[in-house]
Amino acid sequence: MDFNYSDEQKLLIDSVERFIQDDYGFDTRRAILKSDEGFRRDLWQKFGELGWLAVPFAEEDGGLGGTPVETMIIMESFGRGLVVEPYLSTVVLAGGLLRAGGTPAQRETVLPDLMAGGLIVAVGYAEPTSRFNLADVSTTATATGGGYVLKGRKSVVLHGPMADKVIVSARTSGGQRDEAGITLFLVDAGAAGVTRQDYPTVDGLRASELVLDGVAVGADAVVGEVGSGFLLLEKAVDEATAAICAEAVGAMEVLHKATLEYARTRVQFGQPIGRFQVIQHRLVDMYIAYEQAKSLAIMANLKLDAPREERRRAVSAAKVQIGKSARFVGQQAVQLHGGMGMTDELNVGHYFKRLTMIETLFGNTDYHLKRYAA
Amino acid sequence: MDLSFSAEDLAFQREVRAFVAENYPADIKAHFDAGLEPRKADFVRWQKILFEKGWVAPAWPQQYGGTGWTPTQRYIFQEELGAANTPGIIPFGLSMVGPVIYTFGSEEQKKRFLPGILSSDVWWCQGYSEPGSGSDLASLKTKAVRQGDKYIVNGSKTWTTMAQWADWIFCLVRTDSSVKQQEGISFLLFDMKSPGITVRPIITMDGGHEVNECFFDNVEVPAENLIGQEGQGWTYAKFLLGHERSGIAAVARSKRGIAKLKQIANAELSDGRPLIEDQDYRRKLAELEIDLTALEYTELRTLARESQGKGPGPESSILKIKGTEIQQAITELAVEAAGYYGFAFNHRAMNGSNEPVVGPAATAFAAPAYFNMRKTSIYGGSNEIQKNIIAKMVLGL
């Protein structure tokens, strides 16, 4: 058993943490949220220069050949800093699909740009009535002479407004909820027939509703194999789920520490509120919730390359624990900060909002409990 | 024991229901049903409609404009308003300072202030909390120094709900620092247009502007605006907080919330079937409904005690704790039902712009409502404080 980081991993932790400390303060983040773009392109390019965008990709693709542990390290730090840049969408999710299913041509044309910070890719996996079921796809891809025509609607595409390309799931055969018959396509965000409605999300990110109205793509746009996109998508989403579990762990750590510090200094009835036993026990419960969440986040990230069933159970177990812990830690952090916890000015509410979205993202607690128990 | 309403109560219920159906303006209803940001004009208009009917202050003694209803009738009235989703009665005038004025104020103060409260022509706000004194209210520091026939007020208040709309403020101020904390506090009323007052918005995490900071810089307040006796403010404040707590169970509103959850769960699909058919969701909804029913009957029992002349005691803290927990749980389940569409921040639409919402209209504001409702277990004496009250006053610990 070894839960220690390697020396290289420690260097990565230092590098990301230094960035969060020096360049991603709360005021910087607030300014980013208020900006039109909703992210900082220069910081994104800096991520590229620092090698963070190349971490999970194979060395033959020009990547660093990192394991899920490196992704976990980055995401945990991003959780501490509430980073809004499109790492999850572009590197983890789209990157996961391209790593596992990209054609040599796609890898050659897309990955170098992506790793350098010049190309942002989002993934449209959800539809208005699909909820969390990745197989519930009614967007159609009809084969034409040399390619396909896409028709349908993808909902809440995270980081859609800033994406240069979008990978979407569409049905090349089968019924609306069949796992077979789903194909993934790499589409230019500006292709004819693509319309977007962009909006901010409650946790400060940006998302789009994507309407595909007769979008023509070539056969070379297929990621993976025709009709077999589901398993590819499921694995990438599992990887992304494990990644947001790590992000949540980072966010919970900040909330727990901030609440602890507040309880030590906030004086009511002549003493710091941390002297009251009810507050002490609450902080202990938050600490336990955080540690339990961290344990399963690590477990899930270490099992991403296990056989499918084992991977699915590990990821679902982690997501359930994260969902429960995140809700508890988030709600208690707001409660114990009192009125201040309710304000937009203090960072506590912002962590709480991100944790609330993470609880839903890629399937909420009920969904993953069912998947685990199935 | 008898759980049913009497024939008179049922007739009264029909009367209220018919009145609300005929007089609740459709545009206000549409605004509130859509979950949009509240507007001052809507509150005032609706309160004036109730005022003209003579129903705006059911809890007041008849001599001051009350209805003379029994506690059961008052309960029925609240239920009917809640079911119709009318704007809540803004409590600062009618539920808070009004009762303090008719109970402790001078005849002159009653004549001067009560009519404007009843007619909703004067909007009040509450100056209690301060940055350093939240649940520990008695530690407040805002100072009022008597100079001849006026007080000079310096300090600041925070979490002042809807102060941006207020004409007057009722304020707890420290008039004596040399005595025990609770004994040096006085209860002052003053005009928000007085020179030296600055109101600064506090934006909450849901993006809304409900609360404010108020700064007082040498604000002059005529001494005739002191309620009761100098140094007795704590007594009046405690009296007021007792009033604030009644009605805080919000049973009628939570019932409507659960009805709306069922609507959403019928419309939203999970694996091609309505979410309401999902066993987990269904179980949570059922548990919540049972929890609310328990709260409803706890409130009815409290009400029955009140009818027998026993005022609301520390047991009303149960209503605060469970009422707020249930309100919060309803918004949690709404977020769960919303799925991914709960992510969209429809801020402009929420503020009444014509921008269409992203996703189903019923779930468009689920997440902001969830964030906003976190306040309920903090304000009005946090739920931790309510538990201390029960531990001490009820359980004798």
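Please read all numbers here as calculations on a predicted model, not as lab measurements.

Here is what the cut-offs are and how they apply
- Residues numbered from 1 in each chain as written.
- Chains lettered and ligands numbered in written order.
- Predicted model: local features only at pLDDT ≥ 70, side-chain atom pairs only at ≥ 80, totals over all residues.
- Heavy atoms only, no water.
- Contact = heavy atoms within 4.5 Å.
- Buried area = accessible area lost by both parts, 1.4 Å probe.
- Salt bridge = Lys/Arg side-chain N within 4 Å of Asp/Glu carboxyl O.
- Buried < 20%, exposed > 50% of the residue type's maximum accessible area, 1.4 Å probe, protein only.
- Helix = DSSP H or I, 4+ residues; strand = E, 2+ residues; numbered from the N terminus.
- Polar contact = N/O pair within 3.5 Å; in protein donor to acceptor, adjacent residues only side chain to side chain.
- Core = buried A, V, L, I, M, F, W, Y, C linked by side-chain atoms within 4.5 Å.
- Pairing = 2+ DSSP bridges.
- pLDDT = per-residue confidence, 0-100.
- Domains from an automatic or database assignment.

**Student:** Before we move on, could you go through the interface of chain B and chain A and cite the residues and values that matter?
**Tutor:** Listed per partner, the contact involves 47 residues of chain B and 50 residues of chain A. Summed over both partners, the interface of chain B with chain A comes to about 4100 Å²; 58% of that surface belongs to carbon and sulfur atoms. Three residues, B:Met205, B:Tyr340 and B:Phe343, lead the burial of chain B against chain A; their summed loss comes to 22% of the area buried on that side. Linking chain B with chain A are six salt bridges, by the criterion used here.

**Student:** Could you give an account of the pattern of salt bridges, naming the residues involved and the relevant values?
**Tutor:** Residues and elements named next belong to chain A. For the structure on display, the rule yields 58 salt bridges over all chains. Between Glu37 and Arg41 there is a salt bridge; the shortest N-O distance is 3.2 Å. Take Glu37: its relative accessible area is 38%, and that puts it in the partly exposed class. Exposure remark for Arg41: the relative accessible area of 32% places this residue in the partly exposed category. A salt bridge links Glu310 to Lys303, with the shortest nitrogen-to-oxygen separation between them at 3.2 Å.

**Student:** Which residues make up the side chain of A:Glu76, and what values go with them?
**Tutor:** Residues and elements named next belong to chain A. Summarising the element assignment, Glu76 is placed in helix α4 (residues 68–81). The exposure class assigned to Glu76 is buried, which follows from its relative accessible area of 6%. At a separation of 2.9 Å, a polar atom in the side chain of Glu76 contacts the side chain of Arg80. When sequence neighbours within four positions are dropped, the list of residues in contact with Glu76 reads Tyr5, Ala246, Glu247, Val249, Gly250, Glu253 and Lys294.

**Student:** Run through the nonpolar core, naming residues and quoting values.
**Tutor:** Counting 157 residues, the largest nonpolar core has A:Phe78, A:Tyr87, A:Tyr125, A:Leu150, A:Phe185 and A:Phe362 as the members making the most contacts within it. Each residue touching A:Tyr87, except ones within four places of it in the same chain, is listed here: A:Trp44, A:Trp52, A:Leu53, A:Val55, A:Pro56, A:Ile74, A:Met75, A:Phe78 and A:Val92. Counting residues in each nonpolar core, the second largest holds 72 residues, with B:Ala84, B:Leu172, B:Val221 and B:Leu240 among its members.

**Student:** Go over the pairing of strand β6 (residues 197–203) of chain B, please, and point to the residues and values.
**Tutor:** It is a general feature of regular strands that their side chains alternate between the two faces of the sheet. Residues and elements named next belong to chain B. As paired strands, β6 and strand β7 (residues 209–222) are joined by seven bridges and run antiparallel to one another. In the sheet register, Pro201 faces β7, and the bridge partner there is Asn212. Linking two consecutive strands that pair antiparallel, namely β6 and β7, is a turn of five residues; a positive phi of about 90° is found at Gly207 within it.

**Student:** Tell me what's going on with the confidence of the model for chain B, and back it up with residues and numbers.
**Tutor:** Taken as a whole, chain B shows an average pLDDT of 92; of its residues, 98% reach a score of 70 or greater. Confidence metrics for the complex model read pTM 0.95 and ipTM 0.93.

**Student:** Residues and numbers for the domain arrangement of chain A, please.
**Tutor:** All names here are of chain A. The assigned domain composition of chain A is domain 1 (7–119), domain 2 (122–227) and domain 3 (230–373). The distance between the C-alpha centroids of domain 1 and domain 3 comes to 22 Å. If you look at the interface, domain 1 gives 22 residues, while domain 3 gives 31 residues. Buried area between domain 1 and domain 3, both sides added, is near 2000 Å², and the carbon and sulfur share of it is 72%. Taking the shortest distance from any N to any O, the salt bridge between Glu76 and Lys294 comes out at 3.4 Å.

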